[in-house]
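Analysis of the macromolecular model
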Amino acid sequence: MPHRTFTLFILPSMLAMLLFIALPLVSVVLQSFYVEHAQALVQVETCDPFGCKTEIRVDATAMQALNAKEPQGRFNGFDTYLDGAHLAVDELRTIWTRAPDMAAGLSQTLNLPFYRALLFTLVYTVVVSPLSLGLGFLIALSVNILPRVTRGGVIYITLLPMIVPSVIGALTLFWMIDQNGIIGSFLQWMTGDNTLSLKASGALAWATLFAHGVWSNAPFVFIVFFAALQTVPRDTLEAAMVDGASRFERLRLVTLPHLAPIATFLMLILIMDNFRVFESIVGLSATAHASSLSSLIFFALRGDTPLFGSAAATSMLTVICIFVLLLPSLRRAWTGFRSKA
Amino acid sequence: MTHRLLFAAVAAIHLAGAASAECPTDATGSVRILSNDFAALNAINERALACATANLTMTANQTTQHTDLQVPALTANPAEYTVKFGANGSMTALLTAGLLRPLDDLVAKYGQDLLPTQLIKIDGKVMAIAFMANAEHFFFREDVLAAAGIAPPQTWDDVLAAAEAIRAKGVMQNPLGLSYAPGWELGQGFVNLYLGQDGEFFQPGSAVPSINNAKGLKALETMKALAGYMGPDYLTWSSDAMAPLLEANTIAMSNFWGSEAAEVLPGTEKAPTAAPFMRLAAAPAMAGYDHPATTIWWDGFGIAKNISDADAEATFRVMMHAIAPELATEKPQLAVWLMKGYVPTPAAAGVIASVQGGAPAYPTVPYMNLMHTAIDDNIVGFLKGEETAEQALTDAEAAYTIAAREAGFIQ
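Residues numbered from 1 in each chain as written. Chains lettered and ligands numbered in written order. Predicted model: local features only at pLDDT ≥ 70, side-chain atom pairs only at ≥ 80, totals over all residues.

1. Comments concerning the overall build of chain A
- If you tally the helices and strands in chain A, you get 15 helices and four strands.
- Radius of gyration (C-alpha) of chain A: 26 Å, far over the 20 Å computed for a compact globule of 341 residues.
- Along the three orthogonal principal directions, the C-alpha set of chain A runs to about 90 × 70 × 50 Å.
- Counting over 341 residues, chain A shows a buried share of 30%.
- Contacts spanning at least 24 positions in sequence make up 66% of the contacts within chain A whose residues lie at least 6 apart. (Helix = DSSP H or I, 4+ residues; strand = E, 2+ residues; numbered from the N terminus. Rg over C-alpha atoms; globule rule 2.2 N^0.38 Å. Buried ≥ 20, exposed ≤ 12 C-beta atoms within 10 Å, placed from the backbone. Contact = placed C-beta atoms within 7 Å.)

Here you go:
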């Protein structure tokens, strides 16, 4: 396709991307360099049903005037990025100059909110992405050998986790693993330990989150692999059969190489998706045991005093982390492009 | 002393015949309500929505996420909602942003049913109208405590002893249930026990934190001791979980909101078998202090600044009908109402005992919510046994300081 035609073709979507992705991103970058103005505080007499007293309150009129004049707030440079809630450079320096050994240093580092969230996010991505890929692939293989009549129904049921909104799936699981719930009481009966609870310990809560992640990711992987399986060349498969290849050898030597590019694509999508893990932490009430970069952003914006600068800085750090994770495959894509050119 | 006014209201039994504000049939415009979601507020919304006419549109958004919405929604011009229901804690944000209008004119014109104690005055101007009082207080199963041979606890140490006795007698393994889910409630658990020792969250006259002290440590250690008598998943328990846990015969003692008392008292559908045995009391005190370790709250409404005067007037008139004294006489069990004519029911016993006992009001300084969040986020590690209480308080102070600096409260 000539460059001109190509450009015209993608122009509308480029414009949409500029408007809905690039511009908001620029505003987030700008926001991350600003914090709120210094608050003007005044003492006022306040009376409520419990009596009157003098209280400190914000001088709303003064602040409105200031905010109207400089709506961005105070310029803070990279300080938000470097503070204790984000990269925590000063805290890290103190920890690592004082830490008696590696283990103590590490545990103190992971006590910092950003690094605690980063650890969970990374472990979640690394565990859930390949497991989802594997499970989805197994389901695709199994469904592919079903007789045609039963396929429709089985596919529909298999896709349910994708159809059900993630939060609802997580809530359902939350109730099922309750000590009085079906999975919770079954586990207690199986282990004979009537204090066992999946919600109680950090490790079990992580395992539950991982399981939920795999459960909700697998259908997407399955449906893509299932579609791809229909395109495996029959001639090659039949030739392999004539050559006496077993079912496993056909899978390894014909099907897998054919699906490899799709698997790479799926892995990229899964990594990007899983790095933004969030709904399941809220749905499973697991905030005591796990925080992710996305949940940090969410909680920074919640409540009466939203911290926009903090949320923006965490967002930018998340974008950078995803970029780093995808770097190997981006590089491969780039070299591929260069070699074609 | 400060609580006498409330009791003037609670005890003021201006019986029948109190003028009941009718729906303003001649009002025109639009009334849009944003409120939290619990039974008492739902009853008010229901009365307000019934006032809709061809010329008066009424909408209500009842959501537990109301605090996340309120500031952006009322900043818009015209504001997305004309009236916001809130408590002394959540109204602060709207006042800070200057998004509420003074109500003195409207009160003079339409507020003849209001008691003086219902007017929330800031710097001499009426900025909100309160309609109910609330507090977290103690709930217990009388039969279970009797079976274990113990008197109703007065202090948190008594609660621990009672829990141990119930466990030792083999009646229940983990007889205690407190709403310790992180998000807000866990932090509130700390706030209750810290204020129960007259603790100060900030250095006098500043926004600099000061919770890393003996009282903070005592509060945390008490929380951990209490957690030892709760089921293993207590860190997922919100106050909604309390009624089912009581009904399931899992717990016998709890501390939650008075506004939810009706859910565990006779007539409830949520805990029909536990209800006959439920008793309400003031929140337990911290040992050595003479007032309940809890905070008292008012719930009320404020009217948005960024709306037309006509809509503000229509809204105020509808609200006067919605919180008319007849609500308090028709549905007295739903809340500790502040309107005239209210006669306390058994469901109000815990809140009233807590207020009379001298529990402090929740702090209203504009940086309190940042402190609350920082505590909530940082004490889980200690409760799980992963770090010391000192470390947890150090972390909470550090997190608060970063947030308060970003929000402009500390330079």
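Having seen it, we continue.
2. A word on the overall build of chain B
- What chain B contains, in helices and strands, is 16 helices and ten strands.
- Here the C-alpha radius of gyration of chain B, 22 Å, is about what a compact globule of 411 residues would show, namely 22 Å.
- Taking all 411 residues of chain B together, 57% fall into the buried category.
- The long-range fraction of contacts in chain B, counting pairs at least 24 apart against all pairs at least 6 apart in sequence, stands at 74%.

3. Concerning the interface of chain B and chain A
- Listed as interface residues are 56 residues of chain B and, on the opposing side, 43 residues of chain A.
- Where the side of chain B that touches chain A is concerned, the elements lending two or more residues are helix 1 (4–11), helix 3 (66–75), helix 4 (88–96), strand 4 (119–122), strand 5 (125–141), strand 9 (296–303), helix 14 (368–378) and helix 16 (389–406) of chain B.
- Counted by class, the side of chain B that touches chain A contains 29 nonpolar, 19 polar and eight charged residues.
- Taken together, the two bridges between strand 2 (residues 41–48) of chain A and strand 4 of chain B define a ladder with antiparallel strand orientation. Bridge pairing in strand 4 of chain B places C47 of chain A opposite K121 of chain B. (Nonpolar A, V, L, I, M, F, W, Y, C, P; charged D, E, K, R; others polar. Pairing = 2+ DSSP bridges.)

4. Quick look at the confidence of the model for chain B
All names here are of chain B.
- Residues of chain B with pLDDT of at least 70 account for 95%, and the chain-wide mean is 92.
- The spread of mean pLDDT over the elements of chain B runs between helix 1, the lowest at 46, and helix 9 (residues 214–227), the highest at 98.
- Across residues 1–20, where pLDDT falls below 50, the model places 39 contacts with residues more than four positions away in sequence or in other chains. (pLDDT = per-residue confidence, 0-100.)

5. Quick word on the confidence of the model for chain A
- Residues at a pLDDT of 70 or more form 99% of chain A, whose mean pLDDT is 91.
- Confidence scores differ between elements of chain A, with helix 15 (residues 308–340) of chain A showing the lowest mean pLDDT of 87 and helix 6 (residues 113–144) of chain A the highest of 96.

6. Focus on the environment of I379 of chain B
Residue and element names in this part refer to chain B.
- Along the polypeptide, I379 turns up in the loop between helix 14 and helix 15 (380–383).
- Of the residues examined, I379 has 27 C-beta atoms within 10 Å and is grouped as buried.
- Residues I379 and P284, 95 residues apart in the sequence, show an inter-C-alpha distance of 22 Å.
- Setting aside residues no more than four positions away along its own chain, I379 makes contact with L186, F190, L220, A392 and A396.

7. Quick look at the domain arrangement of chain B
Residue and element names in this part refer to chain B.
- Each assigned domain of chain B is listed here: domain 1 (4–134 + 296–356) and domain 2 (136–295 + 360–406).
- Between domain 1 and domain 2, the contact holds 22 residues from the first and 20 residues from the second.
- Of all the secondary-structure elements, those providing two or more residues to the side of domain 1 that touches domain 2 are helix 2 (39–49), helix 4, strand 9 and helix 13 (349–356).
- Ranked by the residues each element gives to the side of domain 1 that touches domain 2, the list is headed by helix 13, at five residues.
- The class makeup of the residues in the side of domain 1 that touches domain 2 is 14 nonpolar, eight polar and no charged. (Domains from an automatic or database assignment.)

8. Section: unusual backbone geometry
Residues and elements named next belong to chain B.
- In this model, N77 is joined to P78 through a cis peptide bond whose omega is 0°.
- Structurally, P78 can be placed in the loop between helix 3 and strand 3 (83–87).
- Non-glycine residue D123 carries a positive phi angle of around 55°.
- Tracing the backbone shows D123 in the loop between strand 4 and strand 5.
- Overall, the presence of 13 C-beta atoms within 10 Å leaves D123 in the partly exposed class.
- Look at N249: it is not a glycine, yet its phi comes out positive at around 65°.
- Within the fold, N249 resides in the loop between helix 10 (242–247) and strand 7 (253–257).

9. Digging into the domain arrangement of chain A
All names here are of chain A.
- Along its sequence, chain A is carved into domain 1 (77–111) and domain 2 (113–340).
- The C-alpha centroid of domain 2 is placed 31 Å from the C-alpha centroid of domain 1.
- In this assembly, nine residues from domain 1 lie in contact with ten residues from domain 2.
- Per-class residue counts for the side of domain 1 that touches domain 2 are five nonpolar, four polar and no charged.

10. Comments concerning the pairing of strand 2 (residues 56–62) of chain B
All names here are of chain B.
- As paired elements, strand 1 (residues 29–35) and strand 2 share seven bridges and run parallel to each other. Across the sheet, residue I33 finds its bridge partner in strand 2, namely A60.
- Remark: the strand 1/helix 2/strand 2 crossover connection has right-handed handedness. (Right-handed = clockwise from strand over helix to strand, strands pointing away.)

11. Here's the deal with the pairing of strand 7 of chain B
All names here are of chain B.
- With four of its five residues buried, strand 7 lies for the most part within the structure.
- Here five bridges tie strand 5 to strand 7, and the two strands are oriented antiparallel to one another. Note that in strand 7 the partner of F139 across the bridge is S254.
- Direction of pairing for strand 6 (residues 176–178) relative to strand 7: parallel, over a ladder of three bridges. Within strand 7, the residue paired with G177 across the bridge is S254.

12. Considering the packing of helix 10 (residues 202–229) of chain A against helix 12 (residues 247–274) of chain A
All names here are of chain A.
- At a minimum axis separation of 11 Å, helix 10 and helix 12 run at an interaxial angle of 155°. Classed by the angle they form, the pair helix 10 and helix 12 counts as roughly antiparallel. Considering only the axes of helix 10 and helix 12, their crossing is right-handed. Between helix 10, through G213, N217, V221, V224, F225 and A228, and helix 12, the contact on the second element is made entirely by L259, I262, L266, L270 and N274.
- Here the residues of the contact of helix 10 with helix 12 are counted per class, giving eight nonpolar, three polar and no charged. (Axes fitted to C-alpha atoms, helices over the stretch in contact; angles between N-to-C directions. Parallel < 35°, antiparallel > 145°, perpendicular 65-115°, else oblique. Left-handed = near helix turned anticlockwise from the far one by under 90°.)

13. Digging into helix 12 of chain A
- Its 28 residues give helix 12 of chain A an end-to-end C-alpha distance of only 33 Å, which falls more than 12% under 40 Å, the value for a rise of 1.5 Å per residue.
- Taking the largest bend as the criterion, helix 12 of chain A deviates by roughly 50°, centred on L256 of chain A, and proline P257 of chain A comes between one and four positions later. (Expected span 1.5 Å × (residues − 1). Bend = angle between axes of the 7 residues up to and from the residue.)

14. Focus on the environment of A203 of chain A
- Relative to the assigned elements, A203 of chain A resides in helix 10.
- Expressed as a C-alpha distance, the spacing of A203 of chain A and A290 of chain A, which sit 87 residues apart in the sequence, is 9.7 Å.

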